[in-house]
Amino acid sequence: MKAIVATDQAAGTAGMKLVERPEPQAAINDVVVQVHAAGFVNTELDWPSTWTDRSFRDRTPSILGHELAGVVTALGYGTTGLSLGQRVFGLSDWYRDGTLAEYVAIEARNLAPLPGYVDFTVGASLPISGLTAWQGLFQHGRLQAGQSVLAHGAAGAVGSIVTQLAREAGAYVIGTGRAADRQKALDFGANEFVDLGNDALEDVGSVDLVFDVIGGDVQKRSAALIRPGGTLVTAVGPTDIRPADGLAVDFVVEADRAQLSEIVQRVRDGRLRTNIGKVSSLDNAVATFNSAERRGGKTVIRLLP
């Protein structure tokens with residue numbers, strides 16, 4: 001089968017190659033999925049799990065990508081909850097070969113059914129962005145109706161879902177980003193927008209929850225905006241500054257079938273829109289990831305028409 005592998009950590013995306021690999025076999029509690037569409041984020045190349053296994057042994061060349069939508073083609077021994085021919089989507093384990101391939105072996109528990117009227121491209125765009133938004137808002141941020149949310153990167157793949165879920169939950173959302181992102185963030189439901197290049201972030205005033213996908217100076221300045229009892233949630237690594245009277249939580253997104261089902265239900269009902277940017281083929285994936293152009297949304301690799 002065709003697959004995109006990482007071969008050289010120092011080379012970044014330039015070290016990605018399209019190669020032929022053997023088709024995977026389903027282990028206990030696994031399924032094999034024929035991948036119709038897959039997602040990838042460039043930060044995967046910085047994750048230790050891309051290069052070593054849990055015992056810190058080198059596992060390159062490793063197949064990249066952890067988001068997928070496709071069809072189950074094989075069941076491992078003891079696998080329950082899914083069936084042959086079923087449409088699924090989900091998030092693969094960080095330490096296993098991933099989804100930028102024609103087939104992937106994945107634990108069944110990391111997948112959820114994909115309704116027939118949700119396109120595979122949409123399904124592949126949801127797992128990391130959707131689960132990051134859901135877990136950051138509701139598990140770690142404990143968002144409640146009537147609260148205010150400062151959503152950084154509100155026009156991005158994660159931020160746009162943060163904005164929509166927070167609004168649906170009854171929150172007031174202040175989106176941030178570049179000046180060119182203003183209308184897009186408002187279209188996704190932000191009540192107002194802060195241009196980080198020209199507006200004073202401090203003019204936002206106090207908020208109950210900051211959802212950070214930027215880090216650095218923006219994260220530090222945001223901590224000062226947290227109301228007493230509020231929370232700074234970040235998905236970009238540990239924070240070295242904490243709100244004076246609140247919490248700071250950094251987290252790594254986890255696969256969760258029930259949450260995936262909640263997210264795709266909202267897509268099916270028209271309550272949630274994904275933010276898909278460029279859609280490319282597996283043959284053109286390496287060139288797509290090495291492109292210097294700015295990506296306005298989630299990049300999805302479509303393997304089958």
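As recorded in an unreviewed UniProt entry, the chain goes by the name NADP-dependent oxidoreductase, listed as coming from Phyllobacterium zundukense.

K.L.:
An account of the sheet that holds strand β10 (residues 172–177) is requested, with residue identities and associated values reported.
P.N.:
The six strands are arranged β11-β10-β9-β12-β13-β14 in an open sheet whose pairing can be described as parallel. Each edge of the open sheet carries a strand with a single partner, namely β11 (192–195) and β14 (247–250). The average undirected angle you get between the axes of adjacent strands in this sheet is 15°. Pairing of β10 with β11, which is carried by four bridges, proceeds in the parallel orientation.

K.L.:
Tell me about the sheet that holds strand β2 (residues 16–20), residues and numbers included.
P.N.:
Strand order across the open sheet formed by three strands is β2-β1-β4, with antiparallel pairing between neighbours. Lying at the two open borders of the sheet, with one neighbouring strand each, are β2 and β4 (62–63). Relative to β2, strand β1 (residues 2–6) runs antiparallel, the two being bridged by five bridges. When the sheet's bridge partners are listed, isoleucine 4 is paired in β2 with leucine 18.

Reading the values: the criteria
- Residues numbered from 1 in each chain as written.
- Predicted model: local features only at pLDDT ≥ 70, side-chain atom pairs only at ≥ 80, totals over all residues.
- Heavy atoms only, no water.
- Pairing = 2+ DSSP bridges.
- Helix = DSSP H or I, 4+ residues; strand = E, 2+ residues; numbered from the N terminus.
- Axes fitted to C-alpha atoms, helices over the stretch in contact; angles between N-to-C directions.

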